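One-letter residues, chain by chain:
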There are 2 protein chains.
Amino acid sequence: MSLHLACDNCDLAPLCLAGELSQDNIKELDKFMTCRRPLEKGEHLFRQGEEFTNIYAIRSGTVQSYLHTDKKAEQITGFHLPGELLGLNAIAGGKHLSNCKTLERCSVCEISFEAFAELGEKIPALQQQLLLIMSKEMAHSYQFIHFFGKRSAKSRLVIFLLNLSTRFKLRGFSARQFNLGMRRMDIANYIGLNPETITRLFADLQQQGLLELHKRQLHLHDITALEKIANS
Amino acid sequence: MSLHLACDNCDLAPLCLAGELSQDNIKELDKFMTCRRPLEKGEHLFRQGEEFTNIYAIRSGTVQSYLHTDKKAEQITGFHLPGELLGLNAIAGGKHLSNCKTLERCSVCEISFEAFAELGEKIPALQQQLLLIMSKEMAHSYQFIHFFGKRSAKSRLVIFLLNLSTRFKLRGFSARQFNLGMRRMDIANYIGLNPETITRLFADLQQQGLLELHKRQLHLHDITALEKIANS
DNA sequence: CGGTGACTTGAATCCGCTCAACTGCGGTGG
DNA sequence: CCACCGCAGTTGAGCGGATTCAAGTCACCG
């Protein structure tokens, strides 16, 4: 069963696979694009080691990717917002490198990579768009390396928050006010700190009046001041 | 002036753009591939902010990429070995995101991205190969995030060394014995530590008999023990 | 209600940093 | 050839930021 949710009526298409494609080409793409029932909170799109067959695109909701490491420890490797593609790093190896699960109820579109590759031969602009997206994601990892280089805990947290902020803004949501879908300990895990440290840092920032946090609802008050902290 | 160095007589072709291409297709690719005079130590392939026009492939030698950050500080973002492509993360933005300079005398091949894209429309396998390489690089960044998550200084250094080791091996060099082309402080910068810490850690590891280091010549004695440290 | 999991708070500890002095080496020029 | 310089690397002492461990609060859900 697939819902009638097509790329040509999706607000996120410009950020996503459809990109700058012509209406005709988008229609062509839509023939292979499917959108299953929404996933409930905590469901997996795919798991580490599974065969790579589809490209996934988030239509709504937040998704988390993570690795199993030895012991029972998990390493969180990313949080993904609507319009982002998932699983692309598995093209080379043919197997998914990470687990991917929803942090809330999510709509997810998918397309068989095989079908996509065939279609790409007919529509060069589509290939080009995938290239663009992958390049963008590489650029993003780049930032990440930069930001995990020797930085204070406060810098790390603030960079993380500002990164989320700009990504929300790009998608038409508020850059100043949004919901962190994830737990403190997941943030901590992701940016290489301890949950307790995250708590203390939020308390600090709140006391300085730079932001407010109630439960997971975040309000950034002074973005320029936060940017200063990010580059300290 | 361009030297007569073609993909079809290059040992690294399978790792590089040529990949699994047929001989005919490689000949086609070679028409657009050029290989200038070797670059001397310290020369730049490109600089941050410059327009992205070419894809570069390292034929021999080691290359370092780095960012200028505010103040005079630099952040090193990668060390690149023969067979690796440079500048791909600039496809999306059209401008290079990082500086790229040689750590020693290097041969570098290049191809105009425009020419490549055109050729890719004629030879789908070539497009596919670029996709593969980019996916592989994304997978690599993935490792990186994993490895910059909360880890001890010793883990970080060892992971860095083992990563170099496997990459050398993949290229037909020894996995146990190779030359670190970079300074201690560059390693430190890259993995988010201090030069002094790097020194101390090397001293430790050497005392434990796990490796030997003279100047920049490294000899890994007990790789399985090192792997244990990497996952601690 | 009790119970669980997320989050907070406090005190003690430790890892890696900072700063400063020192060694060793390669290059340059007298 | 040696004296000098500058940079890479090493070593030591003290400091501080983030972790660890442990106890306590809070909200949610059975």
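All values derive from a computational prediction rather than experimental measurement. (Residues numbered from 1 in each chain as written. Chains lettered and ligands numbered in written order. Predicted model: local features only at pLDDT ≥ 70, side-chain atom pairs only at ≥ 80, totals over all residues. Heavy atoms only, no water.)

**Q** Describe empty space enclosed by the protein, with residues and values.
**A** Residues and elements named next belong to chain B. What the rule picks out here adds up to three cavities of 30 Å³ or more. If you add up the space inside the largest cavity, you get close to 140 Å³. In this structure, the largest cavity is lined by 17 residues; those nearest its centre are Cys7, Cys10, Cys16, Arg59 and Cys109. The set of elements that each furnish at least two residues to the lining of the largest cavity consists of β1 (34–35) and β3 (54–60). Of all the elements, β3 adds the most residues to the lining of the largest cavity, at three residues. Classifying every residue of the lining of the largest cavity gives 14 nonpolar, two polar and one charged. (1 Å grid on protein atoms, 1.4 Å probe; cavity = no way out; pocket = protein on both sides within 12 Å on 5 of 7 lines; lining within 4 Å. Points joined across faces, edges and corners; volume = space filled by probe spheres on them. Helix = DSSP H or I, 4+ residues; strand = E, 2+ residues; numbered from the N terminus. Nonpolar A, V, L, I, M, F, W, Y, C, P; charged D, E, K, R; others polar.)

**Q** I'd like a description of the interface of chain A and chain B, backed by residues and values.
**A** Taken together, the contacts link 43 residues of chain A with 42 residues of chain B. Roughly 3800 Å² is buried in total at the junction of chain A and chain B, and carbon and sulfur atoms are behind 67% of that figure. Among the residues chain A hides against chain B, the three largest losses belong to Met138, Tyr142 and Ile145 of chain A. Together they make up 19% of the total. Linking chain A with chain B are zero salt bridges. At the junction of chain A and chain B, the tally comes to ten residue pairs in polar contact (both at pLDDT 80 or more). Looking at the side of chain A that touches chain B, the elements that each hand over two or more residues are β4 (63–68), β5 (74–80), α2 (113–122) and α3 (124–148) of chain A. Element by element, the count of residues in the side of chain A that touches chain B is highest for α3 of chain A, at 18 residues. Here the residues of the side of chain A that touches chain B are counted per class, giving 20 nonpolar, 16 polar and seven charged. (Contact = heavy atoms within 4.5 Å. Buried area = accessible area lost by both parts, 1.4 Å probe. Salt bridge = Lys/Arg side-chain N within 4 Å of Asp/Glu carboxyl O. Polar contact = N/O pair within 3.5 Å; in protein donor to acceptor, adjacent residues only side chain to side chain.)

**Q** Go over the pattern of salt bridges, please, and point to the residues and values.
**A** According to the stated counting rule, one finds 18 salt bridges over all chains in the structure shown. Of the charged contacts in the structure, one is a salt bridge between lysine 122 of chain B and glutamate 28 of chain B, with a shortest N-O distance of 3.8 Å. Residue lysine 122 of chain B is found in helix α2 (residues 113–122), and its partner glutamate 28 of chain B is found in helix α1 (residues 23–30); the two are separated by 94 residues along the sequence. In this structure lysine 122 of chain B comes out as exposed when scored by relative accessible area, which is 60%. Linked by salt bridges that have partners in common, Glu28, Lys31 and Lys122 of chain A make up one network. (Buried < 20%, exposed > 50% of the residue type's maximum accessible area, 1.4 Å probe, protein only.)

**Q** Summarise the domain arrangement of chain A; cite the residues concerned and give the values.
**A** Interfaces are often described in size by the accessible area the parts lose on coming together. Residue and element names in this part refer to chain A. Partitioning chain A into domains gives domain 1 (2–135) and domain 2 (148–230). Relative placement of domain 1 and domain 2: their C-alpha centres are 26 Å apart. Tallying the contact residues gives 14 residues for domain 1 and eleven residues for domain 2. Contact between domain 1 and domain 2 buries roughly 1200 Å² in total, counting both sides, with carbon and sulfur atoms accounting for 61%. On the domain 1 side of the interface with domain 2, the three residues burying the most area are Ile76, Phe79 and Leu81, jointly 47% of the side's total. For the interface between domain 1 and domain 2, the tally reads two salt bridges. The residue arginine 167 makes a salt bridge to glutamate 84 at a minimum N-O spacing of 3.2 Å. Counting across the interface, domain 1 meets domain 2 through eight residue pairs in polar contact (both at pLDDT 80 or more). With seven residues, β5 is the single largest residue contributor to the side of domain 1 that touches domain 2. (Domains from an automatic or database assignment.)

**Q** Can you lay out the side chain of threonine 102 of chain B for me, pointing to particular residues and giving the numbers?
**A** Residues and elements named next belong to chain B. In this structure, threonine 102 sits in strand β7 (residues 99–102). At 2.7 Å, the side chain of threonine 102 and the backbone oxygen of glutamate 40 are in polar contact. One polar contact links the side chain of threonine 102 to the main-chain carbonyl oxygen of glutamate 104, over a distance of 3.4 Å. Among all residues touching threonine 102, those that are not within four sequence positions of it are Leu39, Glu40, Lys41, Gly42, Glu43, Leu45, Thr62 and Val63.

**Q** Can you lay out helix α6 (residues 195–207) of chain A for me, pointing to particular residues and giving the numbers?
**A** Residue and element names in this part refer to chain A. In a regular helix each residue adds 1.5 Å, so 13 residues correspond to 18 Å; α6 covers 19 Å between its end C-alpha atoms and thus fits that length. Burial in α6 covers these residues: Ile198, Leu201, Phe202 and Leu205. Here the buried residues of α6 occupy an arc of 100° about the axis, which is enough to place them on one side. Exposed and facing more than 90 degrees away from the buried side of α6 are Arg200 and Gln207. Taken together, the buried residues of α6 touch α4 (153–170), α5 (184–191), β10 (211–214), β11 (217–220) and α7 (223–230). The first or second residue beyond α6 is glycine 209, which carries a positive phi of 80°. (Expected span 1.5 Å × (residues − 1). Arc of directions from axis to C-beta.)

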